[in-house]
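# What the coordinates show
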Amino acid sequence: MSVRIKKAVFPVAGLGTRFLPATKTVPKEMLPIIDRPLIQYAVDEAIEAGCDTLIFITNRYKHAVADYFDKAYELEQKLERAGKTEQLEQIRHVLPKGVRAVFVTQTEALGLGHAVLCAKPIVGDEPFAVLLPDDLIWNRGDGALKQMADLNEASGASVIAVEDVPHEKTGSYGIVATDKFDGRKGHITQIVEKPKPEDAPSDLAVVGRYVLSPKIFELLESTGTGAGGEIQLTDAIAQLLTSEQVDAFRFEGTRFDCGTHLGLVEATVRFALENPKLAGPAREVMQKMLAE
Ligand code: UTP
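Worth saying up front: this structure is predicted, and the values here are computed from it rather than measured. (Residues numbered from 1 in each chain as written. Predicted model: local features only at pLDDT ≥ 70, side-chain atom pairs only at ≥ 80, totals over all residues. Heavy atoms only, no water.)

### Observations regarding the UniProt feature "domain: Nucleotidyl transferase" (unreviewed entry) in the protein
Under the local residue numbering, the UniProt record ascribes the feature "domain: Nucleotidyl transferase" (unreviewed entry) to residues 12–268. In the segment residues 12–268, helix accounts for 31% and strand for 25%; the C-alpha atoms at its two ends are 21 Å apart. (UniProt positions renumbered as here; feature names shortened; annotations may be inferred. Helix = DSSP H or I, 4+ residues; strand = E, 2+ residues; numbered from the N terminus.)

### Looking at the site of the ligand
As a matter of local geometry, the ligand sits amid 17 residues, with P11, L15, T17, K28 and Q106 nearest to it. T17 has a polar side-chain atom sitting 2.5 Å from an oxygen atom of the ligand. Starting from 570 Å² of accessible surface for the ligand in isolation, the protein chains cover 84%. Here the residues of the shell around the ligand sort into eight nonpolar, five polar and four charged. (Near = heavy atom within 4 Å. Polar contact = N/O pair within 3.5 Å; in protein donor to acceptor, adjacent residues only side chain to side chain. Areas by Shrake-Rupley, 256 points an atom, 1.4 Å probe, with all protein chains shown as cover. Nonpolar A, V, L, I, M, F, W, Y, C, P; charged D, E, K, R; others polar.)

### A look at the packing of helix 10 (residues 261–274) against helix 11 (residues 279–291)
Where helix 10 contacts helix 11, the axes come no closer than 7 Å and their chain directions differ by 135 degrees. It follows that helix 10 is oblique to helix 11 by the angle criterion. Residues V269, A272 and L273 of helix 10 form the contact with helix 11, whose own contacting residues are A279, A282, R283 and M286. Among the residues forming the contact of helix 10 with helix 11, the class breakdown is six nonpolar, no polar and one charged. (Axes fitted to C-alpha atoms, helices over the stretch in contact; angles between N-to-C directions. Parallel < 35°, antiparallel > 145°, perpendicular 65-115°, else oblique. Contact = heavy atoms within 4.5 Å.)

### Describing the packing of aromatic side chains
What characterises a pair of aromatic rings is the spacing of the ring centres plus the angle enclosed by the ring planes. Counted according to the given criterion, the structure contains six aromatic pairs. Judged by centre distance (5.0 Å) and plane angle (20 degrees), the ring pair of F10 and F56 falls under stacked. Here the residue F10 occupies a position in strand 1 (residues 7–11), and F56 occupies one in strand 4 (residues 53–58), the gap between them amounting to 46 residues. For F10, a relative accessible area of 0% corresponds to the buried category. Plain terms: the ring middles of Y41 and F271 are 4.9 Å apart, the flat faces sit at 65 degrees to each other, and that makes the pair edge-to-face. (Phe/Tyr/Trp six-rings, centres within 6.5 Å; stacked < 30°, edge-to-face > 60°. Buried < 20%, exposed > 50% of the residue type's maximum accessible area, 1.4 Å probe, protein only.)

Laid out in structure tokens, this is it:
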């Protein structure tokens with residue numbers, strides 16, 4: 001048995017170039033799926049998994065993320081006076097009581113690995129989670145991170161979320177090779193960042209959920225730039241494999257890659273169809289459009 005993870009890191013200091021021009025002023029993590037920004041879905045997943053300290057790695061253009069988690073006194077007063085209790089509860093519960101948000105600045109976008117390293121002073125010497133909010137994972141049962149935290153608590157090993165991708169897409173992901181799977185998990189034997197299909201050791205791709213041993217920090221400190229000239233988390237995980245157990249985990253749920261246009265559309269459709277007030281009318285609108 002290991003300790004239960006309590007801290008979750010949200011690296012949100014990327015440039016979000018695939019959503020320009022919107023991301024010129026709106027951080028990618030603030031793009032909404034129906035009425036909630038992507039970051040809220042990831043935060044809710046971390047809280048459900050048992051995390052009470054949320055560490056956001058931001059930059060000077062991402063004030064909107066910090067503002068979103070701050071208290072909006074004027075708005076609360078107005079809603080209170082207008083008797084709009086439902087909306088009041090919604091903005092008050094952006095972060096529940098007992099959960100704290102910490103903001104750390106990544107002064108230069110040197111890569112995901114570097115962003116995670118920025119969390120070291122806050123995380124300290126305990127296992128922790130990393131969630132990339134543009135991977136939105138939807139599941140009717142336990143959230144993906146809760147499934148992973150349960151596994152980490154039981155085994156003490158680091159856990160990385162994976163899913164099967166088409167062979168020709170390996171160049172867009174970190175790809176792992178594993179021992180034979182036992183149920184949903186297998187020990188990782190190799191991990192490479194964005195290999196060409198002909199070089200990929202498998203079609204098992206890393207998606208944006210990790211439960212990591214704190215040893216990753218000292219490895220990140222000595223990780224040089226890798227693919228794309230960035231400090232890659234994948235390269236530090238490749239080092240971690242040589243001294244500790246790291247498991248790949250095929251989570252239960254559907255991942256929407258909201259870092260792409262199509263993924264954002266897919267997630268919007270899914271959440272519209274899951275929303276009791278919206279499902280009927282949304283279905284009608286879609287059927288009408290598809291018949292045109
Ligand atoms: P992406 O590769 O998706 O890059 O980063 P991006 O900048 O967000 O988006 P595009 O590709 O330009 O459209 C993966 C994750 O790592 C974070 C991003 O915010 C995203 O959550 N990241 C990346 C950082 O926090 N810092 C970095 O230096 C790089």
